[in-house]
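Analysis of the macromolecular model
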Amino acid sequence: MSEDPVPLKAIHHVELWVGNAKQAAFYYRQAFGFSQVAYAGLETGVRDRASYVLRQGRVRLVLSTPLGGDNGMSSHLARHGDGVRDIAFHVGDTDACFAATVERGAKVASEPQTLSDEHGSVRHAAIHTYGDTLHSFISYDDYDGPFLPGYRAAAIAGDSVGLRFVDHIVGNVELGKMDEWAGFYASVLGFSQQQHFSDEDISTEYSALMSKVMESDNGRIKFPLNEPAEGRRKSQIEEYLDFYDGPGVQHIALLTDDIIKAIEKLRANGVEFLHVPDDYYDTLQKRVGAIDEDMAEIRRLHILVDRDDEGYLLQLFTKPVEDRPTLFYEVIQRKGSRGFGYGNFKALFEAIELEQAARGNL
Ligand code: FE2
């Protein structure tokens with residue numbers, strides 16, 4: 001085996017472009033329990049945008065908004081609404097990763113450059129992926145500031161709900177393009193296709209999707225890719241593609257070690273979750289067998305459970321976190337399973353479709 005030409009350590013951060021970053025930061029702190037750690041904007045000498053850095057466990061979100069004119073952000077926002085702009089990778093050598101990916105066909109978004117301030121410097125570069133989404137590469141030289149050069153510490157402690165790190169990030173791509181984008185992650189970034197539960201059709205009578213899971217060499221970065229499949233009615237993936245006006249990040253799954261505590265807190269904070277019909281629980285025990293958690297608690301909090309031959313997982317999906325039916329979050333706890341809960345997709349399609357119908361999009 002040759003050495004991985006694009007060794008990615010982990011997801012460094014996820015940057016969202018939003019219409020009002022100040023209010024979004026408040027929402028992620030109060031509702032999701034993130035702590036604010038850093039800020040960049042007018043007060044720090046940045047004239048064209050404001051950015052808030054939020055952290056919980058090893059999850060880092062950056063919320064950025066344009067301050068006027070059009071530096072590309074305003075037109076992006078007008079077209080897509082709030083959403084993920086950049087899934088940034090922490091790497092050992094930005095220049096080497098950038099060169100290797102561009103050589104293998106990646107489209108350049110930003111050439112390698114050194115970013116520095118009084119805390120030291122980092123190397124940054126970026127390539128394009130599906131839609132208007134980017135992958136940045138970030139490597140540290142000697143940097144010891146609160147986030148990245150240009151940001152100032154701006155600490156506001158949040159009440160953590162126990163989210164630890166990004167488990168996976170799902171991209172929705174155009175009809176017929178899933179294999180192309182899976183191929184991009186394989187040939188450009190050196191990912192491999194996860195064999196577990198990756199090629200299944202997930203469908204009901206009315207709508208369907210196809211999904212493939214791509215995984216980085218060290219297994220720490222997992223990107224399922226969805227495309228709509230033919231159904232009699234509009235699929236939830238098509239609804240996303242219509243409202244985001246193209247491919248983009250559908251959901252970010254955040255891992256916790258205690259989903260009961262996490263969902264209890266998130267619900268108390270006002271986070272809205274996909275409605276799980278009560279009859280889901282009538283057959284649950286039979287479908288998943290014995291689990292460590294109290295089934296009454298699982299039912300009370302409307303948490304989902306799925307089992308495969310390696311173990312099981314617990315998960316729950318939020319409703320979209322903006323007015324457009326686009327980006328949402330997943331909270332997930334793993335008990336041996338490395339899957340993504342596709343068994344639940346089937347069990348939940350009717351619930352998903354009810355919400356789509358309520359939006360007039362089915
Ligand atoms: Fe997921």
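Residues numbered from 1 in each chain as written. Predicted model: local features only at pLDDT ≥ 70, side-chain atom pairs only at ≥ 80, totals over all residues. Heavy atoms only, no water.

Domain annotation of the protein chain identifies domain 1 (8–156) and domain 2 (163–359). If you average the C-alpha positions of domain 1 and of domain 2, the two centres end up 25 Å apart. Contacts between the two partners involve 40 residues from domain 1 and, on the opposite side, 40 residues from domain 2. Approximately 3200 Å² of surface area, both sides summed, lies buried where domain 1 meets domain 2, with 64% of it carried by carbon and sulfur atoms. On inspection of domain 1 and its partner domain 2, the count reaches one salt bridge. (Domains from an automatic or database assignment. Contact = heavy atoms within 4.5 Å. Buried area = accessible area lost by both parts, 1.4 Å probe. Salt bridge = Lys/Arg side-chain N within 4 Å of Asp/Glu carboxyl O.)

Moving on: the coordination of the iron ion. The protein atoms that coordinate the iron ion are His168 (NE2), His251 (NE2) and Glu330 (OE), at distances of 2.0 to 2.2 Å. Residue classification places glutamate 330 among the buried residues on the basis of a relative accessible area of 0%. (Donors = N, O, S within 2.8 Å, 3.2 Å for Na, K, Ca; no water. Buried < 20%, exposed > 50% of the residue type's maximum accessible area, 1.4 Å probe, protein only.)

Here we come to the pattern of salt bridges. Counted according to the given criterion, the structure contains 16 salt bridges. Between aspartate 245 and arginine 79 there is a salt bridge; the shortest N-O distance is 3.0 Å. Linking aspartate 245 in the loop between α5 (236–244) and β15 (248–256) with arginine 79 in helix α2 (residues 73–80), this pair joins segments that are 166 residues apart in sequence. The class for arginine 79 is partly exposed, based on a relative accessible area of 40%. Residues joined in a network through salt bridges with shared partners are Arg79, Asp132 and Asp245. (Helix = DSSP H or I, 4+ residues; strand = E, 2+ residues; numbered from the N terminus.)

Before going further, it helps to spend a moment on the nonpolar core. Counting residues in each nonpolar core, the largest one holds 93 residues, and the members touching the most others are Phe137, Leu189 and Ile252. If you tally residues by element for this core, the top one is helix α9 (residues 342–358), at six residues. Counting the residues that make up this core, at least three belong to each of domain 1 (8–156) and domain 2 (163–359). With 11 residues, the next largest nonpolar core counts Val53, Val62, Val122 and Phe147 among its residues. (Core = buried A, V, L, I, M, F, W, Y, C linked by side-chain atoms within 4.5 Å.)

Inspection of the secondary structure assignment puts glycine 190 in the loop between α4 (178–187) and β11 (192–193). Residue glycine 190 is classed as partly exposed on the basis of its relative accessible area, which comes to 22%. C-alpha of glycine 190 to C-alpha of proline 7: the two residues are 183 residues apart in sequence and 8.4 Å apart in space. Those residues in contact with glycine 190 that sit more than four places away from it in its chain are Arg104, Tyr185 and Asp217.

We note that aspartate 245 has phi near 60°; this positive angle belongs to a residue other than glycine. Phi is positive for histidine 302, which is not a glycine, with a value near 55°. Here histidine 302 is to be found in the loop between α8 (295–300) and β16 (304–308).

Another point: the sheet that holds strand β5 (residues 83–91). Spatially, nine strands are ordered β6-β7-β8-β5-β1-β4-β3-β2-β9 in an open sheet, and the strand pairing comes out mixed. Each edge of the open sheet carries a strand with a single partner, namely β6 (108–117) and β9 (152–156). For this sheet, the mean inter-axis angle between neighbouring strands, taken without regard to orientation, is 25°. Sheet topology places β6 next to strand β7 (residues 120–128); seven bridges connect them, and they run antiparallel. Pairing of serine 116 across the sheet is with serine 121, part of β7. (Pairing = 2+ DSSP bridges. Axes fitted to C-alpha atoms, helices over the stretch in contact; angles between N-to-C directions.)

Reported here for the largest pocket is a volume of approximately 630 Å³. Contributing to the lining of the largest pocket are 26 residues, with Glu15, Arg49, Leu115, His124 and Tyr151 lying nearest its centre. Looking at the lining of the largest pocket, the elements with two or more residues in it are β1 (8–17), β3 (49–56), β4 (59–66), β5, β6, β7 and β8 (134–140). Broken down by element, the lining of the largest pocket gets its largest block of residues, four residues, from β6. A class-by-class count of the residues in the lining of the largest pocket yields 13 nonpolar, nine polar and four charged. (1 Å grid on protein atoms, 1.4 Å probe; cavity = no way out; pocket = protein on both sides within 12 Å on 5 of 7 lines; lining within 4 Å. Points joined across faces, edges and corners; volume = space filled by probe spheres on them. Nonpolar A, V, L, I, M, F, W, Y, C, P; charged D, E, K, R; others polar.)

Before going further, it helps to examine the environment of tyrosine 312. Mapped onto the elements, tyrosine 312 comes out in strand β17 (residues 311–317). Take tyrosine 312: its relative accessible area is 5%, and that puts it in the buried class. Excluding its chain neighbours within four sequence positions, the residues that come into contact with tyrosine 312 are Ile291, Asp292, Glu293, Val305, Asp306, Arg307, Arg334, Lys335, Gly336 and Ser337. Here the side chain of tyrosine 312 touches aspartate 292 through a polar contact of 3.0 Å, landing on its backbone nitrogen. Among the polar contacts listed, one links the side chain of tyrosine 312 to the side chain of glutamate 293, at a separation of 2.9 Å. (Polar contact = N/O pair within 3.5 Å; in protein donor to acceptor, adjacent residues only side chain to side chain.)

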